[in-house]
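Next come the chains, spelled out residue by residue.
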Amino acid sequence: MAEKTEMYERLMTNVKGIAGRPSSQEEKLQAICDLLKSAVPYFDWVGFYITDPENPEDLVLGPYNGAPTEHVRISLGTGICGRAALTRRMFVVQDVSQETNYLACSPEVKAEIVLPIFLGGQVWGELDIDSHTLAPFTSEDGDYLGRVCLVVADIVRQS
Ligand code: SME
């Protein structure tokens, strides 16, 4: 098995282990951020944005691991996160300098991947990952991160 596949298979086992812990939803989501950031060398900021139940036109910052960001609330359609939520699709940007509708977290960020997390057909939130490496993401990242998002949806459903 290729090295990256092995790494992701181990990671998935650990993500499912976190999901089964008797801890709060917030603690589990934080543990998943911590795990992803430490397991994948080109993941430099890993966090969740959650649809505001009071105002579903906005995403609010949830648990994260990485540099603090000023973007604690993002409107649908704004930036990469707001566009991923609006289109309900994974959004991969291999070079953020090419994006005009982009909210910079830090000047070191070169690439970003955002995946929506669905609950009952609605975008419950999303997983957002920034990288300081240019063009680091492969289709394998997208596939496994999609699986992580399914586990997150289960965590939320069971909370
Ligand atoms: N870059 C994101 C904003 C969130 S920060 O990356 C943490 C965007 O353009 O939506």
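Residues numbered from 1 in each chain as written. Predicted model: local features only at pLDDT ≥ 70, side-chain atom pairs only at ≥ 80, totals over all residues. Heavy atoms only, no water.

1. Regarding helix 4 (residues 139-158)
Cut-off, in case you're wondering: Under the scheme used here, helices are H or I runs from DSSP no shorter than 4 residues and strands are E runs no shorter than 2 residues, and both carry numbers assigned from the N terminus. Between the first and last residue of a helix there are one fewer steps than residues, each counted as 1.5 Å, and that sum is the expected span. Burial status follows relative accessibility: with a 1.4 Å probe on protein chains alone, a residue under 20% of its type maximum counts as buried, one over 50% as exposed, and anything between as partly exposed. We call two residues in contact whenever any of their non-hydrogen atoms come within 4.5 Å of each other.
Compared with the 28 Å implied by 1.5 Å per residue over 20 residues, the 29 Å span of helix 4 between its first and last C-alpha is a close match. Among the residues of helix 4, Asp141, Gly142, Tyr144, Leu145, Val148, Cys149, Val151, Val152, Ala153, Ile155 and Val156 are the ones counted as buried. For helix 4, the elements touching its buried residues are helix 1 (3-19), helix 2 (25-39), strand 1 (45-52), strand 5 (111-119) and strand 6 (122-131).

2. Observations concerning the pattern of salt bridges
The following threshold applies: In the sections that follow, a salt bridge refers to a side-chain nitrogen of Lys or Arg positioned within 4 Å of a carboxyl oxygen of Asp or Glu.
The final tally for this structure, using the stated rule, is six salt bridges. Between Glu99 and Arg83 there is a salt bridge, with the nearest N and O atoms lying 2.8 Å from each other. Highlighted residues: Glu99 in the loop between strand 4 (91-93) and strand 5 and Arg83 in helix 3 (residues 79-87), separated in sequence by 16 residues.

3. Points about the environment of Ile18
Its place among the elements puts Ile18 in helix 1. Taking the relative accessible area as the measure of exposure, Ile18 reaches 5% and is therefore buried. For the pair Ile18 and Asp34, spaced 16 residues apart in the sequence, the C-alpha separation amounts to 11 Å. Residues within four places of Ile18 in sequence aside, it is in contact with Lys28, Ala31, Ile32 and Leu35.

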